[in-house]
Structures are given as C-alpha cells and as structure tokens.
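A look at the structure
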Amino acid sequence: MMNDMTAIAALANDLADAAAEQTLALFRTDLATINKNTDGSFDPVTQADKRAEEVMRDLIQKVRPLDGILGEEFPSVESRSGLTWVLDPIDGTRAFISGLPVWGTLIALNDGKNLIFGMVDQPYIGERFVGFDGKAQLIRAGATRDLSVRACGGLGDAILFSTFPEIGTEAEASAFRKVSNACRLTRYGTDCYAYALLALGQIDLVIEAGLNAYDIQGPQGVIEAAGGIVTNWEGGPALHGGRILAAGDPVCHKAALDLLNSEIV
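**Describing the sheet that holds strand β14 (residues 242-247)**
Adjacent strands of a sheet pair through backbone hydrogen bonds, lying either parallel or antiparallel. The strand order β11-β10-β12-β14-β13 describes an open sheet built from five strands, whose pairing is mixed. Edge positions in the open sheet fall to β11 (185-188) and β13 (229-232), since each of these has one partner strand only. The average angle at which neighbouring strand axes cross in this sheet is 20°, direction not considered. As defined by bridge partners, strand β12 (residues 205-211) adjoins β14 across five bridges and the pair is classed as antiparallel. Its bridge partner being in β14, Val206 is matched across the sheet by Ala246. Against the sheet, helix α5 (residues 193-200) makes contact with β10 (159-162), β12 and β14, and its axis sits at roughly 150° relative to β12, the strand it touches most. Contacting β12, β13 and β14, helix α6 (residues 213-225) crosses the sheet at an angle of about 150° to β13.

Structure representation (structure tokens):
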C-alpha cells in the first residue's frame, strides 16, 4: 500500500542508513568545500552532501518510483502518487566541515498538505529522532525511547535555541532579540539538533528565519508527533519554510508569537 506506515518508516530508516555511510566516511576528513553563493555570503556544499542525497534518491526511486522527491542538492522529482519525500542530506554543513557533531540528515514525507513522517538523524552521535502516527521516538544504541515536549509556563522559564545570532533581516533580528531577552537562556549554533532537543523535552523554543522546506519538514514531523507546535512567525503553516517558530508548550508559543509580531509589521 502507498500509505503503509510500517513500510514508509522502514524505508526512511534505510535512507538514513544509506546517507550515514556517505557522511560518516567523510566527516572530519580533508574535504573540499564549494560555496554555492556568489554574493559574498557563505553557503557551503561538499561531496558528502551530494553523495548522501544521491544514494537516498536512488533508493526512493527503486522502492517507491511514483513518489516525488524534493532535496537540497538536486532538481525535484514530481510526485505521481501524491506523496513527496523531502531530503536534506546534511543540515548544518558549516558544522560538518568544522568537525562539530550537531549536523544531521533530515527526512520527511508529505502528501502535499500535511506531514506523514519526519526524521532527524545524527549518525555520528548515534541518535535518530522519528515522528509519525502521533508518536515520536528516539532510537539510540538499539534502544527506543518515547519523546514528549515539556511544559513551560512562560518565556521567563524558557530555553531558546537558534542557529545564528544574526538572524534574518535587521527587523527579524530585532524581533528575535525581544524574545531572547525575555527568555531564561538562549543558545546558538546547533542547527537541526535544536529541534531534536525540543522534541526530547530539553528546551522550549527554536526560532529561525530564511529556512527552506527541506530544512524544517523533517524536524517538524518529529516535534509535532512529540506534542509540540511548529508555525511561521504569523502562526500559520510552516511546511514550506520561511520564518519558523517551534515550541513545546502552547503558552510559550503564543508569548513568543506576540513578541515577534510586535516588532515585525
């Protein structure tokens, strides 16, 4: 069946395993880096990114040839089944080329409107976060642990994560600082691992801007299955990326949303 969740989850695990063979072989090696941007900013890509996405694409097209594919490194494949796999082979390439183990492989499946499956996989640490059918789990060292976001009564008790202190535009950065100043603790530089920590119940908020669909759909699937909330900064759908607000507690989410929108007009 096209929507057999057991088969979908099995394929997603196979995809993560296949990607890990490529990424782990090149992590902390003398790896050439190409800057995809021409405007002076730095957006790196490596052979690890490309090889990992290639093997995942090949496996999807072999096992589920009617499904679409949206990935970071190669052109999209149109869906003929109504389902699309969304792949980020290395989310956190800057961390990857620096030897910092907070990067991960992101895998999601959607039906065009809703997420069916989400995964954040960190093969070097050996942690795989999955979410589907309303249940989120962490798989580590052969053991499985159910995940649930934690309660947080307000921003004064909240731990906030983001990848970059210089988030987005000047107005977006100002809005972020309003939330950050209201929180108990703010940390940076964890890429997709921040979303995994939110699903794990270790932190309360992740706020970012300028994301693509392949940056958020895998983490979103995990967080929502763990009971959390993922929206854009206006409180609307986050499926296509943009400005992202992820929270474990609805009270915390609304408080952050109100501050963000008090600055962004």
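**Section: the packing of helix α1 (residues 5-26) against helix α2 (residues 47-63)**
Working note: a packed helix pair is described by the angle between its axes plus the distance between those axes. The interhelical angle for the contact between α1 and α2, taken along N-to-C directions, is 155°, at an axis separation of 8 Å. Taken together, the axes of α1 and α2 lie roughly antiparallel to each other. Relative to α2, the crossing made by α1 is right-handed. Of the residues in α2, those touching α1 at Leu11, Asp14, Leu15, Ala18, Ala19, Gln22, Thr23 and Leu26 are Gln47, Ala48, Arg51, Ala52, Val55, Met56, Leu59, Ile60 and Val63. The residue makeup of the contact of α1 with α2, split by class, is twelve nonpolar, three polar and two charged.

**Re helix α4 (residues 170-182)**
Its 13 residues place the ends of α4 19 Å apart at the C-alpha level, agreeing with the 18 Å of an ideal helix rising 1.5 Å per residue. Where α4 is concerned, the buried positions are Glu172, Ala173, Ser174, Ala175, Phe176, Val179 and Ser180.

**Observations concerning the sheet that holds strand β7 (residues 127-132)**
On the basis of which strands lie adjacent, the open sheet formed by seven strands has the order β3-β4-β5-β6-β7-β8-β9 and mixed pairing. Either end of the sheet is taken by a strand with one partner, and the two such strands are β3 (68-71) and β9 (143-146). Geometrically, the sheet is characterised by an average inter-axis angle of 15° between neighbouring strands, direction not taken into account. Relative to β7, strand β6 (residues 115-122) runs antiparallel, the two sharing six bridges. Looking across to β7, one finds that Gly118 is bridged to Gly131. Together, β3, β4 (84-91) and β5 (104-110) form the strand contacts of α2, whose direction differs from that of β4 by roughly 155°. Packed onto the sheet, α5 meets β6, β7, β8 (135-140) and β9 and runs at close to 65° relative to β7.

**Overview of the environment of Ala48**
In this structure, Ala48 sits in helix α2. Not counting chain neighbours up to four residues away, the residues in contact with Ala48 comprise Thr23, Leu26, Leu31, Ile90 and Phe96.

**Describing the state of the cysteines**
Summed over all chains, the structure comprises zero disulfides. We note that Cys183 lacks a disulfide partner, and the nearest cysteine sulfur, in Cys252, lies 6.3 Å from it. Take Cys183: its relative accessible area is 10%, and that puts it in the buried class. Here Cys252 stays unpaired: no disulfide links it, and the sulfur of Cys152, its closest cysteine neighbor, is 3.7 Å away. Residue classification places Cys252 among the buried residues on the basis of a relative accessible area of 0%.

Rules of the game
- Residues numbered from 1 in each chain as written.
- Predicted model: local features only at pLDDT ≥ 70, side-chain atom pairs only at ≥ 80, totals over all residues.
- Heavy atoms only, no water.
- Pairing = 2+ DSSP bridges.
- Helix = DSSP H or I, 4+ residues; strand = E, 2+ residues; numbered from the N terminus.
- Axes fitted to C-alpha atoms, helices over the stretch in contact; angles between N-to-C directions.
- Contact = heavy atoms within 4.5 Å.
- Parallel < 35°, antiparallel > 145°, perpendicular 65-115°, else oblique.
- Left-handed = near helix turned anticlockwise from the far one by under 90°.
- Nonpolar A, V, L, I, M, F, W, Y, C, P; charged D, E, K, R; others polar.
- Expected span 1.5 Å × (residues − 1).
- Buried < 20%, exposed > 50% of the residue type's maximum accessible area, 1.4 Å probe, protein only.
- Disulfide = S-S within 2.5 Å.

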